Amino acid sequence: MRIARFSIDGNVAFGAVEGDRPDELVLDIIKGIPFADFELSGTKVPLSKVRLLPPVLPNKVVAFGRNYAEHARELGNDVPDAPFAFFKPSTAVIGPGDEIQYPSFTEDLHHEAELAVVIGRMCREVPRERVKDVIFGYTCANDITARDVQKREKQWARAKGFDTSCPLGPWVETDLAVETASDLTIQLTVNGEQRQLGRTSEMIHSIEDLIVNISEAMTLLPGDVILTGTPAGVGPLNVGDEVAVTIEGIGTLTNKVVKRG
């Protein structure tokens, strides 16, 4: 099931996305929230009549860096022996169609296409064999990075945590098994030109590795998001660019870059 979060007539709701053709998609509005038992209301609205929002509002976004060997090497970095985590604040999150604001403090803004894992239940110290039980689903993410700031400041709080640096969407796909999500095509285009192309099977540390690693240290809450790293091919974005992340079996997340006002 594809679960979207949307607004219509000033109201915010969740809905199940139905249909196959992009111009025929509809939302069956969910009664309640999707992280608990819910029912479909049977009230359906065309997707074209709503504004899609970030599919979740995470308490925290835990991101893992250098989790694809070719990406680590393209930036001259060593491949880490263990998962390498950092954080993006909730204020970094935007949804499909929202604008990525080019910060005034950088001159080298980069795209990074990523598979995002959405947590479905409160959990801590998750054993590997239970990882599948705590995953709600998967969505597309773009880990927007101020590359010059990242290199200059050494730590990544400003370089990767600024407002609008974490586009998520367009919805959460809940029907993918961990094994399936671990071998999907992931690609990114800028103005229609392919920049990144890889497979999630190229991850150094698996989805299970990442959730086991971070849940040893902290409690994960429903709606929290885990970013799993980016394949090679990262590169610059400019004001006016349209950037799109597409992940097999999930969908396409599209955003435009604008100058921060």
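Structural data are supplied above this passage.
What you see is a predicted model, and the numbers here were worked out from it, not measured in a lab.

Quick notes on the rules
Residues numbered from 1 in each chain as written. Predicted model: local features only at pLDDT ≥ 70, side-chain atom pairs only at ≥ 80, totals over all residues. Heavy atoms only, no water. Pairing = 2+ DSSP bridges. Helix = DSSP H or I, 4+ residues; strand = E, 2+ residues; numbered from the N terminus. Axes fitted to C-alpha atoms, helices over the stretch in contact; angles between N-to-C directions. Core = buried A, V, L, I, M, F, W, Y, C linked by side-chain atoms within 4.5 Å. Buried < 20%, exposed > 50% of the residue type's maximum accessible area, 1.4 Å probe, protein only. Contact = heavy atoms within 4.5 Å. Phe/Tyr/Trp six-rings, centres within 6.5 Å; stacked < 30°, edge-to-face > 60°. Salt bridge = Lys/Arg side-chain N within 4 Å of Asp/Glu carboxyl O.

A.B. asks: Would you take a moment to explain the sheet that holds strand β13 (residues 145-146) for this structure?
C.D. replies: Think of a sheet as strands paired side by side through backbone hydrogen bonds, with each pair either parallel or antiparallel. Within the open sheet, the three strands sit side by side as β13-β10-β18. Their pairing is antiparallel. Because the sheet does not close on itself, it has two edges, and the strands there are β13 and β18 (235-236). Across two bridges, strand β10 (residues 109-111) lies against β13 in antiparallel orientation. Looking at β13, one finds that Leu-109 is bridged to Ala-146.

A.B. asks: Explain the sheet that holds strand β16 (residues 193-199) to me, please; I cannot follow it from the model alone.
C.D. replies: As summarised here, the arrangement of the five strands in space is β9-β20-β19-β15-β16, forming an open sheet in which the pairing is mixed. Bordering the open sheet on either side are β9 (99-102) and β16, each of which pairs with just one other strand. Along the sheet, successive strands turn relative to each other by an average axial angle of 20°, direction set aside.

A.B. asks: Hey, could you run me through the nonpolar core in this one?
C.D. replies: If you look at the biggest cluster of nonpolar residues, it comprises 45 residues, and the most contacted ones within it are Tyr-138, Ile-207 and Ile-211. Among the elements that make up this core, the one with the highest residue count is helix α6 (residues 207-215) (five residues). If we ignore the near neighbours within four places in the chain, the residues touching Tyr-138 are Leu-115, Ala-116, Val-117, Trp-171, Val-172, Glu-173, Leu-176, Ala-177, Val-178, Ala-181, Ile-207 and Ile-250. Counting residues in hydrophobic clusters, the runner-up holds 20 residues, among them Phe-14, Ala-92, Phe-136 and Val-225.

A.B. asks: Would you explain the packing of aromatic side chains in this entry?
C.D. replies: By convention here, two paired aromatic rings are described through the distance between centres and the angle between planes. Counting across every chain of the model gives four aromatic pairs. For the pair Phe-86 and Trp-156, a centre-to-centre distance of 5.0 Å together with 70° between the ring planes defines the contact as edge-to-face. On the criterion of sequence distance, the pair formed by Phe-86 in strand β7 (residues 84-88) and Trp-156 in the loop between α3 (147-153) and α4 (157-161) is long-range, its members being 70 residues apart. Neither residue differs from the other here; Phe-86 and Trp-156 are each classed as buried.

A.B. asks: I keep staring at the pattern of salt bridges and nothing clicks. Help me out?
C.D. replies: What the rule picks out here adds up to 16 salt bridges. With a shortest N-O distance of 2.9 Å, Glu-18 and Lys-44 are connected by a salt bridge. Taken together, the residues Glu-18 in strand β2 (residues 11-18) and Lys-44 in strand β4 (residues 39-46) connect sequence positions 26 residues apart. Taking relative accessible area as the criterion, Glu-18 reaches 26% and is therefore assigned partly exposed. Given the relative accessible area of 48%, Lys-44 is considered partly exposed. Across the pair Glu-153 and Arg-158 runs a salt bridge, and its minimum N-O distance is 2.6 Å.

Note that every value here comes from positions in space, so none of it alone points to a role or purpose.
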